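Fold and contact review
Residue-level listing of the chains:
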Amino acid sequence: MRFSRTLALLERQWYLLRGSPTRVVPLFGFVVIDIVLWGFITRYLDMTAGGVDFVTSLLGAVVFWDYCVRVLHGVTMTFFEDVWSRNFLNIFASPLTLVEYLGGQVLSSLFTSAIGLLAMVVIATLLFGWSIGAYGLMAVPFVLVLFLFGVAMGVVGAAIILRFGPAAEWFVWPIPALIAPFGGVYYPVSTLPGWMHPIARALPVSYVFEGLRAIAAGQAFAPGSLAMGAGLAALYVVAACWTFARVYQHAVRTGLIARYSAETIT
Amino acid sequence: MYTRDRMPVLSVSHLRKLYGTTPAVEEVSFTIEPKETVGLLGPNGAGKTTTINMILGVLEPTAGSVSIEGIDVTRRRTQALQRTNFAAVYAPLPGNLTVLENLMVFARMYGVRDRRMRVASLIEQFDLVRFRDTKCGVLSSGEQTRVALAKAMLNEPHLLLLDEPTASLDPATAQDIRARLRAFTQQGSGGVLWTSHNMLEVEQVCDRVLFLSHGRILLEGNPRTLPAEHGKGSLEELFITVAREPLTLDA
């Protein structure tokens, strides 16, 4: 693996961003809207359900979950640049390896999602008095686990698009909406019916958000559950990359890489 | 055994590609020597682009092998492609980046040393100075072709694959490009695989031609003597015979 080849993709994304406000605004626009909306909802809940700090727990969940979703978007949008510009042949006929290609997507997502996170933290803090400091240094490993899981979702999304064509993006965008109810993002896993618990336990985000809620409520938090979440997230990243590699091999075998505009080779 | 200097730039051996049960390429074998330009000719659908895609590693052969300077493309793809590049009419560079940005990105991807100097030099060589900061998407097809050729030269490839490189160029520009590509093989030690439907161009540029029909190599030889060897007046006449009546050709 050569890092300079991975950097080429990051350089490409930088050129695209600096030359296109329509690419820059979505990096923070939608998440800011989300924080403003949920900020007022939590403020209203604080007023009506006296004694419970919804700003820290619920608005905090929105900030962290939106960050995870931004990571997914960062990965898939980098991939989409090659889809939209019909650039697969130039990319995959170069010395770039698959690991370097995926690495470029992850690196690009690291930067774009950080911009979104920063915007959310600033708005939530200034407008609604939310403080990331309430989680202390534990916020760092939680964010890292969410980053890894976002990467896994993004790579799976890219694999879906590669396998089924650009129209399959509509299978990718709802992935977070499918996972959030099972992951106990906005409410404790105990709220869920019993049959949903095993699914929740298989998702790293459930450990993250249970932990974040415990810290926000000043309760004890088991570091072992964070380790479990981190282990699962790493496992999902490996599984996602393996899936992408298999889909890529299929595309090379069938000729889909060279004739991607056809969407399928039959 | 070949020494490194005498090793073919490209060795294609018993290459075969089936789509389901339909053969696209059948038992294709050939080599390209250093400083040699080989023309891959044939009617539409003959298997030229399929062959090029297999050489570039973006299409897996059903059987056979491809080696670039002795490096197997399937097993050591990155090392093989490090010394290869290509330009094709159907693979323009991203239209949302400028000429300079595209070349800088691909120079990094190909691990080009002193990439700023190399890119600046290619921009000048391919007469792209005034389009340096223009997005590729707004360039004419001829200008885009020149950008694609500049990209193909970035890593000073040992093997250059050109799929109809002058198809959208005006005659003056095409002649200029042909001269540059001839200089590329004469000055360096690289080899070129060139597809074209312009038979006059093929006669000018290629040292040897391979005629493909229905995925098989039917004829091989010097483009300047091959027509007479098969009782034809010109390469174009020979091409038309290969395309329409391949079975009527003398062995």
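Each chain has its residues counted from 1, running along the sequence as written. To read the labels, note that chains go from A and ligands from 1, taken in the order they are written. Thresholds applied to this predicted model are a pLDDT of at least 70 for local features of residues and 80 or more for the giving and counting of side-chain atom pairs; totals over whole chains, interfaces and linings are not thresholded and use all residues.

**Let's talk about the interface of chain A and chain B**
Two residues qualify as being in contact provided that their C-beta atoms, derived from the backbone, are within 7 Å of each other. In this assembly, 24 residues from chain A lie in contact with 23 residues from chain B. Secondary structure counts use DSSP, requiring at least four H or I residues in a row for a helix and at least two E residues in a row for a strand, with both numbered from the N terminus. Breaking the side of chain A that touches chain B down by element, the ones donating at least two residues are helix 1 (3–18), helix 4 (88–92) and helix 11 (223–254) of chain A. For the side of chain A that touches chain B, the element with the highest residue contribution is helix 1 of chain A, accounting for eight residues. Here the nonpolar group is Ala, Val, Leu, Ile, Met, Phe, Trp, Tyr, Cys and Pro; Asp, Glu, Lys and Arg are the charged ones; every other residue, Gly included, is treated as polar. Across the side of chain A that touches chain B, the residue classes break down as 12 nonpolar, seven polar and five charged.

**Focus: helix 3 (residues 54–84) of chain A**
All names here are of chain A. In this scheme, a helix's expected span is set at 1.5 Å multiplied by one less than its residue total. Helix length check: helix 3, at 31 residues, gives a terminal C-alpha distance of 41 Å against a target of 45 Å (1.5 Å per residue), a fit within 8%. Any residue whose C-beta has 12 or fewer other C-beta atoms within 10 Å is treated as exposed, any with 20 or more as buried, and any in between as partly exposed, C-beta atoms being built from the backbone. Across the 31 residues of helix 3, 28 count as buried, placing the element largely inside the fold. Just downstream of helix 3, R86 is the residue with a positive phi angle, here 50°.

**Things to note about the nonpolar core**
Residues and elements named next belong to chain A. Here a nonpolar core is just a set of buried residues of the types Ala, Val, Leu, Ile, Met, Phe, Trp, Tyr and Cys, joined wherever their C-beta atoms sit within 7 Å. Residues L146, F149, A152 and V155 are the most contacted members of the largest nonpolar core, which totals 159 residues. Element by element, the count of residues in this core is highest for helix 6 (residues 139–164), at 17 residues. Ignoring sequence-local partners within four residues, the contact set of V155 consists of V75, L102, A240, C241 and F244.

**Observations regarding the sheet that holds strand 5 (residues 71–72) of chain B**
Residues and elements named next belong to chain B. Being paired, for any two strands, means DSSP has found at least two bridges between them. Strand order in the open sheet formed by four strands is 2-1-4-5, with antiparallel pairing between adjacent strands. Each having just a single partner strand, strand 2 (22–32) and strand 5 make up the two edges of the open sheet. Summarising the sheet, strand 1 (residues 10–19) and strand 2 pair through seven bridges and their orientation is antiparallel. Among the inter-strand pairings, K17 is bridged to a residue of strand 2, identified as V25. Across the face of the sheet, helix 1 (residues 48–55) comes into contact with strand 1, strand 2 and strand 4 (63–68) while running at roughly 115° to strand 1. Here an axis means a line fitted to C-alpha atoms, over the contact stretch when the element is a helix, while the angle between two N-to-C directions is reported on a 0 to 180 degree scale.

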